[in-house]
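Given next are the chains, with one letter for each unit.
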Amino acid sequence: MECVVTADGGIPLLSRVIDGGAAEISHTGTMNSLRAMAGPKEFLLIADSKLISYGNVTALIKAGTDFIAPAPASKVDDAVCAALDLEAATVVDYTPARDEDTPAGQR
């Protein structure tokens, strides 16, 4: 699901349900819809790792759209993860609803 909200109160502006099993998602339709709604105002597109594809990133850069998305785990070299400083990491106290009944050690 793509959902775009305001920074002041999280009021939904636009949302779209996308099949979670889709291998390749194009966010350019969402970007263009938002740009048409927002006019010349700037916005930041925040997405999951499915945003990161050559076509999506190229279109976002060409359109001058700022975005944040994690790199897909399959594209990050194991050495990068191994070099992370766990002492400097911040614990995030968040559990997705689908995992609430799963013991922490099994998530």
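Before reading on, note that the structure itself is shown above.
Computed from a predicted model, the values in this text were never measured in an experiment.

Undergrad: What is the right way to read the overall build of the protein chain from this model?
TA: If you tally the helices and strands in the protein chain, you get three helices and four strands. Reading the protein chain from its N end, one meets helices and strands in the order β-β-α-β-α-β-α. Counting across all 107 residues of the protein chain, residues that qualify as buried make up 18%. Contacts in the protein chain between residues far apart in sequence, at least 24 positions, make up 28% of those at least 6 positions apart. Accessible area of the protein chain: about 8300 Å², with a carbon and sulfur share of 57%.

Undergrad: How should I be thinking about the environment of I46 in this particular structure?
TA: Locating I46 in the fold gives a position in strand β3 (residues 44–46). You can call I46 exposed: its relative accessible area is 61%. In the structure, I46 is positioned 20 residues away from D66 in sequence and 8.8 Å away in space, judged by C-alpha atoms.

Conventions used here
- Residues numbered from 1 in each chain as written.
- Predicted model: local features only at pLDDT ≥ 70, side-chain atom pairs only at ≥ 80, totals over all residues.
- Heavy atoms only, no water.
- Helix = DSSP H or I, 4+ residues; strand = E, 2+ residues; numbered from the N terminus.
- Buried < 20%, exposed > 50% of the residue type's maximum accessible area, 1.4 Å probe, protein only.
- Contact = heavy atoms within 4.5 Å.
- Areas by Shrake-Rupley, 256 points an atom, 1.4 Å probe, with all protein chains shown as cover.

Purely spatial values, then, with no claim about function.
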